[in-house]
Each structure stands twice: as structure tokens, then as C-alpha cells.
Amino acid sequence: MSKFFGKIFGKIKNLRLKQIIYFAVVIILFLMIGGLNLLRSHITSGLYDQREGQRWSSDVRCGQVSMFFSEAYGINTDKISEFEYNINKGLIADGYQDASASKADGNAVWNDCYSAMGSISVTRDRRTVDAVAIGIGGDFFQFHPMHMVSGNYINPDSLMKDYVILDEELAWQLFGSNDIVGETITFEGVPHYIAGVVARDSGKYVKAAGLNFPTIYLSYESLATYGTIDASVLATNGSLGSVTEKKSTDDEDDKKDSDVNTDSAGIVCMEVVMPNPVENYAKNFLIEKLGINTNVVEVVDNTARYENKNLTKVIKNFQIRGMQLKPVIFPYWENNARAHENIIAIFLLLQTICAIVIFIMLAIFVVQSYRHRKWRMGALVQSFLDWKYDIESGVKKHNDKWKYF
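Structure report, in brief. Remember, predicted model here, so these are calculated numbers, not experimental data.

**A few points about the overall build of the protein chain**
Scanning the protein chain for helices and strands turns up 12 helices and 12 strands. Across the 405 residues in the protein chain, those meeting the buried criterion constitute 40%. Of the contacts made within the protein chain by residues no fewer than 6 positions apart, 78% connect residues no fewer than 24 positions apart. Total accessible area computed for the protein chain in this model is approximately 22,800 Å², and 57% of it derives from carbon and sulfur atoms.

**Description of the pairing of strand β5 (residues 163-167)**
With four of five residues buried, β5 lies mostly within the body of the structure. The pairing of β5 with strand β7 (residues 190-198) spans five bridges and is classified as parallel. Across the sheet, residue valine 164 finds its bridge partner in β7, namely isoleucine 194. The pairing of β5 with strand β8 (residues 215-219) spans two bridges and is classified as antiparallel. Looking across to β8, one finds that isoleucine 165 is bridged to tyrosine 217.

**What to know about the packing of aromatic side chains**
Within the structure shown, the criterion is met by 16 aromatic pairs. Between phenylalanine 68 and phenylalanine 330 the ring centres are 5.3 Å apart and the planes differ by 90°, which places this aromatic pair in the edge-to-face class. Here phenylalanine 68, found in strand β1 (residues 62-68), pairs with phenylalanine 330, found in the loop between α10 (308-316) and α11 (332-371); they are 262 residues apart in sequence, far enough to count as distant. Residue classification places phenylalanine 68 among the buried positions, given a relative accessible area of 0%. Ring geometry for phenylalanine 140 and tyrosine 217: centres 6.1 Å apart, planes at 40°, overall tilted.

**Things to note about the nonpolar core**
Ranked by size, the top nonpolar core spans 48 residues in total, and within it Met67, Ile185 and Ile216 carry the most contacts. Each residue touching isoleucine 216, except ones within four places of it in the same chain, is listed here: Ile120, Val122, Ala131, Val132, Ala133, Ile134, Val164, Ile165, Leu166, Leu170, Ile185 and Phe187.

**Focus on the pattern of salt bridges**
Counted by the stated rule, this structure contains 11 salt bridges. Of the charged contacts, one joins aspartate 112 and lysine 103 as a salt bridge, the two residues approaching to 2.2 Å between their closest N and O atoms. Residue classification places lysine 103 among the partly exposed positions, given a relative accessible area of 30%. With a shortest N-O distance of 3.0 Å, arginine 305 and glutamate 334 are connected by a salt bridge. Highlighted residues: arginine 305 in the loop between β12 (298-301) and α10 and glutamate 334 in helix α11, separated in sequence by 29 residues. The exposure classification of arginine 305 matches that of glutamate 334, with both residues buried. Beyond isolated ion pairs, a larger network of salt bridges with shared partners links Glu84, Lys103 and Asp112.

**Quick notes on helix α6 (residues 168-175)**
Think of an α-helix as turning once every 3.6 residues; residues three or four places apart then point the same way. All buried positions along α6 are accounted for by Leu170, Ala171, Gln173, Leu174 and Phe175. End-on view of α6: buried residues confined to an arc of 165°, all on one side of the axis. Phi for glycine 176, located one or two positions after α6, is positive at around 70°.

**Here we look at helix α4 (residues 77-93)**
Over its 17 residues, α4 extends 24 Å from the first C-alpha to the last, a length consistent with the 24 Å expected when each residue adds 1.5 Å. Listed as buried for α4 are Thr77, Ile80, Phe83, Glu84, Asn86, Ile87, Asn88, Gly90 and Leu91. Among the structural elements, β2 (111-124), α8 (220-226), β11 (269-275) and α9 (281-289) are those in contact with the buried residues of α4. N-cap assignment for α4: the residue whose side-chain oxygen lies 3.2 Å from the backbone N of aspartate 78 is asparagine 76.

**A word on the packing of helix α2 (residues 17-46) against α11**
In helix packing, the relevant descriptors are the interaxial angle and the interaxial distance, both defined with respect to the helix axes. At a minimum axis distance of 9 Å, the contact between α2 and α11 shows a crossing angle of 160°. When the interaxial angle is binned, α2 and α11 end up roughly antiparallel. In this structure, α2 meets α11 at a crossing whose hand is left-handed. Residues that form the contact of α2 with α11 fall into these classes: 23 nonpolar, four polar and one charged.

**Points about the environment of lysine 204**
Within the secondary structure layout, lysine 204 lies in helix α7 (residues 204-208). Its relative accessible area of 61% is what places lysine 204 among the exposed residues. Separated by 132 residues in sequence, lysine 204 and asparagine 336 place their C-alpha atoms 9.0 Å apart.

**Some details on the packing of α10 against α11**
Between α10 and α11, whose axes approach to 9 Å, the crossing angle comes to 100°. By the angle between their axes, α10 is roughly perpendicular relative to α11. Here Asn308, Leu311, Thr312, Val314 and Ile315 of α10 come into contact with α11, specifically with Glu341, Asn342, Ile344, Ala345, Leu348 and Leu349. Class assignment for the residues of the contact of α10 with α11 results in seven nonpolar, three polar and one charged.

**Examining the state of the cysteines**
Here is the idea: a disulfide is a covalent bond, and it sits between the sulfur atoms of two cysteines. One pass over the full model with this rule turns up zero disulfides. Free of any disulfide, cysteine 113 has its nearest neighbouring cysteine sulfur in cysteine 269, separated by 6.3 Å.

**Brief notes about the pairing of β11**
Walk down a regular strand and you will see the side chains alternate between the two sheet faces. Of all the seven residues making up β11, seven are buried; the element is thus mostly covered by neighbouring parts of the structure. Summarising the sheet, β1 and β11 pair through seven bridges and their orientation is antiparallel. Of the residues in β11, the one forming a bridge with methionine 67 is methionine 270. Pairing between β2 and β11: five bridges, direction antiparallel. Looking at the pairing, asparagine 111 lines up with valine 273 of β11.

Scoring rules and cut-offs
- Residues numbered from 1 in each chain as written.
- Predicted model: local features only at pLDDT ≥ 70, side-chain atom pairs only at ≥ 80, totals over all residues.
- Heavy atoms only, no water.
- Helix = DSSP H or I, 4+ residues; strand = E, 2+ residues; numbered from the N terminus.
- Buried < 20%, exposed > 50% of the residue type's maximum accessible area, 1.4 Å probe, protein only.
- Contact = heavy atoms within 4.5 Å.
- Areas by Shrake-Rupley, 256 points an atom, 1.4 Å probe, with all protein chains shown as cover.
- Pairing = 2+ DSSP bridges.
- Phe/Tyr/Trp six-rings, centres within 6.5 Å; stacked < 30°, edge-to-face > 60°.
- Core = buried A, V, L, I, M, F, W, Y, C linked by side-chain atoms within 4.5 Å.
- Salt bridge = Lys/Arg side-chain N within 4 Å of Asp/Glu carboxyl O.
- Arc of directions from axis to C-beta.
- Expected span 1.5 Å × (residues − 1).
- Polar contact = N/O pair within 3.5 Å; in protein donor to acceptor, adjacent residues only side chain to side chain.
- Axes fitted to C-alpha atoms, helices over the stretch in contact; angles between N-to-C directions.
- Parallel < 35°, antiparallel > 145°, perpendicular 65-115°, else oblique.
- Left-handed = near helix turned anticlockwise from the far one by under 90°.
- Nonpolar A, V, L, I, M, F, W, Y, C, P; charged D, E, K, R; others polar.
- Disulfide = S-S within 2.5 Å.

Given below as C-alpha cells:
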């Protein structure tokens, strides 16, 4: 065996400079492929908005699917309830959930949330800030587990719709502190209570996607009642973030009726996590059971979007990917995910090019080695047999030495 490896090291020592550079290039290309794989894993692990499928269950393969609607599509809370009913009924019919199971009892095999975007004027004492407003419903923070600076997420099972969560910038603009859990703010004179403060997502793509202003997370009903539902708010830099102060001589706002608007339609995103036993089952299930028109609604399988198969489709359609063919405005987390999807697709393209170059270089080396070979197949086989004999002899000698102990 030592002779065998001795011959290998001898051949390495006899390599010419051109050959050493040749193999160094191959090794560097291999390292590039591995490094890009590590970078891809690091990026995707940080996109927590896309990973609810992995978090939901460790026993059953699950998928996270997002559906993006235009405001004109007319999705309201009644429509969401209809969707939820059809999802539950469909999973029972397909045998994935017991008829007695429900989300309320916590034993359902699926979960969902929904959201709308807009703006709202947030007041504390005499100070008012115009903020980006994300109107939420369902288990929104299960899908978007942002870092809590203080307090807790809003309980999705709470019957009260007057709890809110502020980001750090809005908390500082209104209170000059992050430690404000339990404090009160008002929308048009109607009080709401602060459940917590979250750290705003960072990164240039998140900012480019619109998350660059003071932001508040509140119930969809409160946004519909006291704010303005308008998904294009993320594309403006007008009055958002501006602060106004009332003088002590100004009249106080009159308290307004606190009845919320339950009829408003403007939900732009519904997200579902559910069993996904085979590829595309969850996505196709939702399209079929909910009667989704994919010509005007964007349906995304979040769980599989960064797999090679889907990234290949991104590369194939890269030139037309920037075209917006559906009347949909994506929320900031989807725009952020799509930006990283483009980057990771480019990484895959680079990995593919590296693999092709490696294959070609190794093929050239094999052909050249065969043409200039100084060995014969019979001699090569004999060398292998000699190496095998040495191994077997060593094992036999070792066994004979210890067989009486």
C-alpha cells in the first residue's frame, strides 16, 4: 500500500508548472461551488418569512404558500373565512385532518394569516406620526416572527382588535423609548394599546421594497376603519414619517365612534401552511379548492422557491421577470424574497458554469493522459490486485496475531 501511495506522490512531484496551474484551477472551481452553496444556505436561512413550512412540523412535510391579490379583487374578512372553511373541508376530504380538528383547538394540520397595506396617523398626546400600516389577521406573526425588542406578539385568538405593535422608529418618535408595553396611542381619538415593539428588518432590499418608514402592525379592521388601505403606500416618500405637534392652545380631538369597519375589502396577501406530501400539492390544492384565478392572482410556493428546479425557471425567464403582468402590488417581504431569489438564481448559474468548466477540464485531462499513457491496462489491473493483496494480507496477519486473546 505504501508503494501505491508512493507512486502517486511521485507523480505529483513530477508535475510541470502548467499541470499544477491546471489542477489548481479545478480545485478553485470546486471551492467556488462549495462556497456558493454555503452562501445560498446562509441567505435562505435568514429569510424567515419564507420558512414557515419548515417551522410548522418536524414530522410531516409541509409547505408554505402565499397568494397575492390586487385590492380590486375585493378580498375582505368574509372571503377569508370562506377560504378557511374550504381549506379545512378539503384537508378533511383528502384525509390529512380529522373532522373534529380545528384551528381554535390548536390541533389543525394547517394555519393561515392575511394582511393589507396602507397608512395611518398615529397620535400620542399632542404628537402625531404618519406611519406605514400593516393590517393583519390570523396568525400573522407565526409566519413573520420578527425580533421582539419588548413585549409580545398580538394573540391571534384575542377577540380584542385594539392591540398594536410598533417598530422601533415609531416607538422612539412617539415615546422616546422602546419600553412602552401597555401604553396607549389613538387613531382619530380612539385608543389602542401597545402589545410590543419589534426591530425593523434591515438590508437594502427590504428598504427598497418600502420598509423605510415608521411602521405599525394593527388589526385589519382597525386599518380599514381609521386608516387608508392602499398597497402603493410603499412606493411613496411623501408625508410618511412626518411628525406634527399640536400646540397647547389647540382643541383636543373629539372621541369618535369605536365601531370598526367590517365590510372593507383590500386584503392583498393570504399565507397558508399545510401538509405538502408531494411536490406542488399545497399550491395546487389551494388553487383548486379556493377557485383562484392565477391569471390575476400570484400564487407562490415559498418553501420550494429556492430549490434548483425553480431557480432554473427564474434564470430561464430572467429577461421578462421584471415585467408586472398581474395587477398585484407585493408586500415588502415578498419583494425582498424576490430580490434574493434573483441573486440566488445567479449563484446557481455561476455554479453550473463552474461545474461545466470542471467537467471539460477533467475530460481533456483524461483524453490527454490516455493518449500519452506509459501504462497498459493489464499493468494497471495488476497494480490494483497487488494493492488488494497487501490489504488482505495485513488484515489476516492482524487477525492471526489476536485470535488467541
